[in-house]
Amino acid sequence: MSGVLAQYTSLGETESAIRRFREAGHTDLQVWSPIPSEALEEAMDIHGSPVGRWALIGGMTGCVTGLLLTAGTSLGYPLVTQGKPIVSIPPFIVVMFELTILLTGIFALMAMLVHARRPRRDLSPHYRPEFSVDRFGVYVPAGQWDLSDVEQLVRDTGAVDVETDS
Amino acid sequence: MATAELEARVVHLTMADANEDIARPISKPALRWWLLLGVTVLLIGVGAAAWFYQIGVGLGVAGITHPVMWGVYITNFVFWVGIAHSGTLISAILYLFRSGWRTTINRAAEAMTIFAVMTAGLFPLIHLGRVWYFYWLMPYPSQRQIWPDFRSPLVLDVFAVGTYFTISLIFWYTGLIPDLAALRDKFSGMKSKVYGALSLGWTGTVNEWRHYRRAYLYMAGIATPLVLSVHSVVSWDFALSIVPGWHSTIFAPYFVAGAIFSGIAMVITLMVPLRWAFGLEDYITEYHFENMAKLLLLTSLIVGYAYAVEYFLAWYSADPIEQESFLWRARGHYALPFWIMVFCNVVVPMTCWFKRIRRSIAALFVISIFVNIGMWYERFVIIASSLAHEFDPGGWGVYTPSWVEIAILVGSFAWFFFWFLIFTRTLPTISIAEVKEHLAHGHTDLGT
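Residues numbered from 1 in each chain as written. Chains lettered and ligands numbered in written order. Predicted model: local features only at pLDDT ≥ 70, side-chain atom pairs only at ≥ 80, totals over all residues.

For the rest of this paragraph, the subject is the overall build of chain A. Each helix and strand counted, chain A has five helices and four strands in total. What you see in chain A, going N to C, is helices and strands ordered as β-α-β-α-α-α-β-α-β. By the compact-globule yardstick of 15 Å for 166 residues, chain A is too spread out, its C-alpha radius of gyration being 25 Å. Along the three orthogonal principal directions, the C-alpha set of chain A runs to about 80 × 30 × 30 Å. Classification of the 166 residues of chain A by burial places 39% in the buried group. (Helix = DSSP H or I, 4+ residues; strand = E, 2+ residues; numbered from the N terminus. Rg over C-alpha atoms; globule rule 2.2 N^0.38 Å. Buried ≥ 20, exposed ≤ 12 C-beta atoms within 10 Å, placed from the backbone.)

Given below as structure tokens:
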């Protein structure tokens, strides 16, 4: 697959370049950034993330697990201690709360990795080490367009480094 | 240093500088680092030898005996769990409040949290005596079908501290992933491979970042109530008993405030030499120390207020046993530790009302040492003086730590500093990605 890899030095330039590419019909972009940026997500028309839903599922799972663990084991071996009822909700809430937090965190991490498609051994062939330092990268696949036209479009956006991949 | 002078020095910072400066300490360590590491290993050895001696001979070699069955081990547990708390405050709570000044200190504070919980976790095991039975605390289906008593605050502690460690580790690691990728790209050979594996193949695509941002936000969101819950649960180890001096409803907020107070002090204690040793003056400035000093002052006021309220409640309760317990705390066998506690935690931090002190790194370092000592004594006074002077005069008695307990205490500090030293040479002590984010949004300095 052919395309053009452009490097930018600022967030603003990258954001406006992405908007220009998308206006020109290039929607299948790959964008690298050394920092998290909501502006880049908006420029690429990406909204939200399912991580929150997974975190919620994790939290509910943890809460129910906490209740089943505490109440279930107490009922399974009913031994009165401290003069309290067998199913003593106030102390059990602590276990339910802690397991809610625990599984929310674990689910959030797992969801992040799964949706970001990590871990991965091989990096993208278009990735450059500068992208983890101070450069922003945009790879524009040529698709049905002429490669030289794409390259010209990329140069017009003020990219500091342009690599053509034919 | 004058503000204008400082601005002139830091105004040149770029994203590439941040990469270079923060990653620089991850190189061949200097001799002094090896020497410090050697000292910590030696002291860990002393502590470990004392523990093995205790295992071999029996728990009787520790000073704990009737009526004070909780001594230095439980003091250390509460102290180290408390130390952990400010790391989460800085990394999660200040993140949710969008406090920009946390950027350069959150990584090291989070590392401190993890190492402090690792240290705290040793003490219930050491205190058990027969440590090989520690798994009895875990809920597992045994042959006798008996389970832990979930009504006991000691079992709740296992869940609270276990969750706290796991979530702190996950939160810290998530924040590290982009920085590990930056280190992978900076180094070559084996180092690059190791950091590459740890970064899980992170490349920083917009898709990766969007999931990362959400996950980080949710983790900060859950870490906030978690941190408040952990020391509350630890405080209930005491407050749910009927021991005079322990049985109090103020214990949860009192312990949480004390935890953050001691943790902030430990962050200052660690940050001052770290900043000096690695030349991070452009990143961790007087501005950051001043903000930490303000937090120290605030939490000192809360802790001082809690001390006063404890005495007020003892008087207001009209319960002679409660009143006697508190009077004895200030005038009895443990009067010296009590007044050390008051002086270090309430009197010394009041110097932070002065801006000159708040911006003096040397002064703050000294204050932080006082607070560390004061907070250790606070835990000791609460535990030992309450148990030593309960209801029946016939059951009164005093406790003095044995050399075994002191050796293990020293070893625990060495264990904590050992891990922190390893951290300073293997991982970025400042969040590279967050500093870059700060710089990319037009801030050319990191606070003055």
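On to helix H3 (residues 51-76) of chain A. Taking 1.5 Å per residue, 26 residues should reach 38 Å; H3 of chain A reaches 36 Å between its end C-alpha atoms and fits that length. Within H3 of chain A, burial applies to Val51, Trp54, Ala55, Gly58, Gly59, Gly62, Gly66, Thr70 and Ser74 of chain A. Considering only its buried residues, H3 of chain A is in contact with helix H4 (89-115) of chain A together with helix H8 (206-239) of chain B. (Expected span 1.5 Å × (residues − 1). Contact = placed C-beta atoms within 7 Å.)

Next up on the list: the pairing of strand E3 (residues 136-141) of chain A. All names here are of chain A. For E3, the tally of buried residues reaches five of six residues, placing the bulk of the element in the interior. With six bridges joining them, strand E1 (residues 3-8) and E3 adopt antiparallel strand pairing. Residue tyrosine 8 lies in a different strand from E3, and its bridge partner there is phenylalanine 136. One ladder, built from three bridges, connects strand E2 (residues 30-32) with E3; its direction is antiparallel. Following the sheet pairing, glutamine 30 is matched in E3 by tyrosine 139. (Pairing = 2+ DSSP bridges.)

Let us look at the environment of glycine 47 of chain B. All names here are of chain B. Relative to the elements of secondary structure, glycine 47 occurs in helix H3 (residues 31-57). Judged by C-beta crowding, with 22 C-beta atoms within 10 Å, glycine 47 ranks as buried. Separated by 220 residues in sequence, glycine 47 and valine 267 place their C-alpha atoms 24 Å apart.

A few words on the sheet that holds strand E4 (residues 161-165) of chain A. Residues and elements named next belong to chain A. Spatially, four strands are ordered E2-E3-E1-E4 in an open sheet, and the strand pairing comes out antiparallel. What marks the edges here is a single partner per strand, and that holds for E2 and E4. Geometrically, the sheet is characterised by an average inter-axis angle of 15° between neighbouring strands, direction not taken into account. The strands that helix H1 (residues 11-23) touches are E1, E2 and E3; relative to E3, the one it contacts most, it runs at about 10°. (Axes fitted to C-alpha atoms, helices over the stretch in contact; angles between N-to-C directions.)

Residue and element names in this part refer to chain B. Between helix H6 (residues 153-186) and H8, whose axes approach to 9 Å, the crossing angle comes to 150°. The orientation of H6 relative to H8 falls into the category roughly antiparallel. As H6 runs across H8, the sense of the crossing is left-handed. Here the residues of the contact of H6 with H8 are counted per class, giving 19 nonpolar, four polar and two charged. (Parallel < 35°, antiparallel > 145°, perpendicular 65-115°, else oblique. Left-handed = near helix turned anticlockwise from the far one by under 90°. Nonpolar A, V, L, I, M, F, W, Y, C, P; charged D, E, K, R; others polar.)

Attention now moves to helix H11 (residues 320-331) of chain B. Residues and elements named next belong to chain B. With twelve residues, H11 ought to run about 16 Å at 1.5 Å a step, and its terminal C-alpha atoms sit 16 Å apart, in line with that. Along H11, the residues classified as buried are Ser325, Phe326, Trp328 and Arg329. Summarising the axial view, the buried residues of H11 lie within an arc of 160°, below the 170-degree limit, and thus occupy one face. Exposed residues pointing more than 90 degrees away from the buried face of H11 are listed as Pro320 and Arg331. If you follow the buried residues of H11, they end up packed against helix H10 (286-316), helix H12 (335-347) and helix H14 (361-388). (Arc of directions from axis to C-beta.)

All right, on to the interface of chain B and chain A then. Each partner contributes residues to the interface: chain B has 48 residues there, and chain A has 57 residues. Where the side of chain B that touches chain A is concerned, the elements lending two or more residues are helix H2 (15-23), H6, H8 and helix H16 (432-440) of chain B. Counting residues per element, the side of chain B that touches chain A draws most heavily on H8 of chain B, at 16 residues.

Looking now at unusual backbone geometry. In this chain, arginine 118 of chain A is followed by proline 119 of chain A through a cis amide linkage whose omega measures -5°. Summarising the element assignment, proline 119 of chain A is placed in the loop between H4 and E3. With omega at 5°, the peptide bond leading from histidine 66 of chain B into proline 67 of chain B counts as cis. The backbone of aspartate 45 of chain A sits at a positive phi, close to 60°, despite the residue not being glycine. Here aspartate 45 of chain A lies in the loop between helix H2 (38-43) and H3.

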